[in-house]
Amino acid sequence: MSDRFAVLPQYLIPKQALTSFAGWVAGKERGAVTTWIIRRFVDKYGVDMSEALDSDIASYPSFNEFFTRALKPGARPIADADLVAPVDGAISQFGPIEGDQIFQAKGHSYTTTALVGGDAALAERFKHGSFATLYLSPRDYHRIHMPCDGRLLRMTYVPGDLFSVNPTTARGVPGLFARNERVVCVFETARGPFVLVLVGATIVGSMATVWHGVVNPPRHGEIREWRYDDQQIVLKKGDEMGRFLLGSTVVLLFPSPSVTFNPDWAPARPIRLGEPMANYAAA
């Protein structure tokens, strides 16, 4: 079965309604029922609860509390690299930005301008730069951390579709990551700007950041922007910056000159938060 054919049902199902319902269920505190749901999820996806700060499944009052669980201190050492992996997950794609084109999958690419919600001036800063697209599966730890030190400049909510972001859908839906709902976070660093995009998906009830809290819902259907230029919101490499309530994808953009990625990296390879991702070119 071709990937395009496999994703056809996603064009037909009521993704917004399904996602809203899933978010409602995940936020409910239903005692033994919640514990049963969590236990089934852990068994189905092979979640390693030994890494969790609280490994007792019965202690989580809601599925959301379980899904965004914290890790034990030291569970993810932060490597001595310029840029570290910001999540647990798997590599979707990474490499150079060809002009303004980001590679999604064979036969598919999308523009930096589309990804950041139509801001051509912001996108221009990443022309011929580098990108990394990282997929978080249901079993993964779902907090997102900083790949390097950075000062927050702004955050933009971009409304969009809610297709799944699994590998099959990435191969079958054109422009997927610039098409789905997303939150675009812009940071300034000692080496220039970088962008970290949280991409929503089917059943991703909401996305949240540590400085704002839950960004969505509500879903207003229009672009919204928050500016932080006049504030000193500074996060260190490895600090938590946000989280997904159910799984999704992050896309990172770095300006030219291109960074040198970890030679062990390859598409579909599993990654862990804090491992070396890339180094900047020598100044």
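Data block above holds the structure.
Since this is a predicted model, take the numbers as computed values, not measurements. (Residues numbered from 1 in each chain as written. Predicted model: local features only at pLDDT ≥ 70, side-chain atom pairs only at ≥ 80, totals over all residues. Heavy atoms only, no water.)

J.: Just checking my understanding: could you explain the overall build of the protein chain for this structure?
T.: Counting secondary structure elements, the protein chain contains 8 helices and 18 strands. Counting across all 283 residues of the protein chain, residues that qualify as buried make up 53%. In the protein chain, of all internal contacts separated by at least 6 residues, the share reaching a separation of at least 24 is 76%. (Helix = DSSP H or I, 4+ residues; strand = E, 2+ residues; numbered from the N terminus. Buried < 20%, exposed > 50% of the residue type's maximum accessible area, 1.4 Å probe, protein only. Contact = heavy atoms within 4.5 Å.)

J.: How do you make sense of the sheet that holds strand S1 (residues 83–84) when you look at a structure like this?
T.: Pairing in this open sheet of 3 strands is antiparallel, and the strands run S1-S18-S16 from one edge to the other. Only two strands of the sheet have a single neighbouring strand rather than two, namely S1 and strand S16 (260–261). Bridge count for S16 against strand S18 (residues 276–279) is 2 bridges, and the pairing is antiparallel. Across the sheet, residue Phe 261 finds its bridge partner in S18, namely Ala 278. (Pairing = 2+ DSSP bridges.)

J.: Explain the sheet that holds strand S14 (residues 240–245) here, please?
T.: Within a beta sheet, neighbouring strands are joined by backbone hydrogen bonds and run either parallel or antiparallel to one another. Taken together, 4 strands build an open sheet; the order of strands is S6-S14-S10-S11 and the sheet is antiparallel. Each edge of the open sheet is held by one strand with a lone partner, namely strand S6 (143–145) and strand S11 (213–216). Going across the sheet, the axis of each strand differs from the next one's by a mean of 25 degrees, ignoring polarity. (Axes fitted to C-alpha atoms, helices over the stretch in contact; angles between N-to-C directions.)

J.: Please clarify how the pattern of salt bridges should be interpreted in this entry.
T.: Think of it this way: side chains of opposite charge can pair up when their charged atoms draw near. In the structure shown here, the tally under the stated rule is 12 salt bridges. Residues Glu 51 and Arg 272 are paired through a salt bridge, measuring 3.3 Å at the closest nitrogen-oxygen approach. Taken as a pair, Glu 51 in the loop between helix H4 (32–45) and helix H5 (63–67) and Arg 272 in the loop between strand S17 (270–271) and S18 lie far apart in primary sequence, 221 residues in all. Assessed through its relative accessible area of 41%, Arg 272 is described here as partly exposed. In this structure, the salt-bridge partner of Glu 240 is Arg 143, at a minimum N-O distance of 3.2 Å. Taken together, the positions of Glu 240 in strand S14 and Arg 143 in strand S6 put the pair 97 residues apart, joining distant regions of the chain. (Salt bridge = Lys/Arg side-chain N within 4 Å of Asp/Glu carboxyl O.)

J.: Looking at this model, I keep getting lost on the packing of aromatic side chains. Mind explaining?
T.: For any two aromatic rings, the description comes down to two numbers: the centre-to-centre distance and the angle of the planes. Tallying each qualifying case throughout the model produces 15 aromatic pairs. In this structure an aromatic cluster arises from ring pairing among Phe 41, Tyr 45, Tyr 60, Phe 63, Phe 66 and Phe 67. (Phe/Tyr/Trp six-rings, centres within 6.5 Å; stacked < 30°, edge-to-face > 60°.)

J.: Explain the nonpolar core to me, please; I cannot follow it from the model alone.
T.: Most often, soluble globular proteins keep nonpolar side chains buried together rather than apart. Judged by nonpolar contacts, the single largest core of 37 residues is most densely connected at Leu 134, Phe 187, Leu 198, Trp 211, Met 241 and Trp 265. Counting residues per element, the ones that place at least two in this core are strand S5 (130–135), strand S7 (150–158), strand S8 (182–189), strand S9 (192–199), S14, strand S15 (249–254) and S18. Beyond its immediate stretch of four places on either side in the chain, Met 241 contacts Ile 144, His 145, Met 146, Cys 185, Phe 187, Leu 196, Leu 198, Ala 208, Thr 209, Val 210, Trp 211 and Leu 235. Residues Leu 115, Val 165, Val 195 and Ala 201 belong to the second largest nonpolar core, which totals 26 residues. (Core = buried A, V, L, I, M, F, W, Y, C linked by side-chain atoms within 4.5 Å.)

J.: Looking at this structure, I do not really get H4. What am I missing?
T.: Each turn of an α-helix holds 3.6 residues, which means side chains three or four residues apart point in the same direction. When the terminal C-alpha atoms of H4 are compared, their 20 Å separation across 14 residues agrees well with the 20 Å that a helix rising 1.5 Å per residue should span. Within H4, burial applies to Thr 34, Thr 35, Ile 38, Phe 41 and Val 42. The buried residues of H4 occupy an angular sector of 125 degrees when the element is viewed end-on, so they sit on one face. Residues Ala 32, Trp 36, Arg 40, Asp 43 and Lys 44 are exposed on H4 and point more than 90 degrees away from its buried face. (Expected span 1.5 Å × (residues − 1). Arc of directions from axis to C-beta.)

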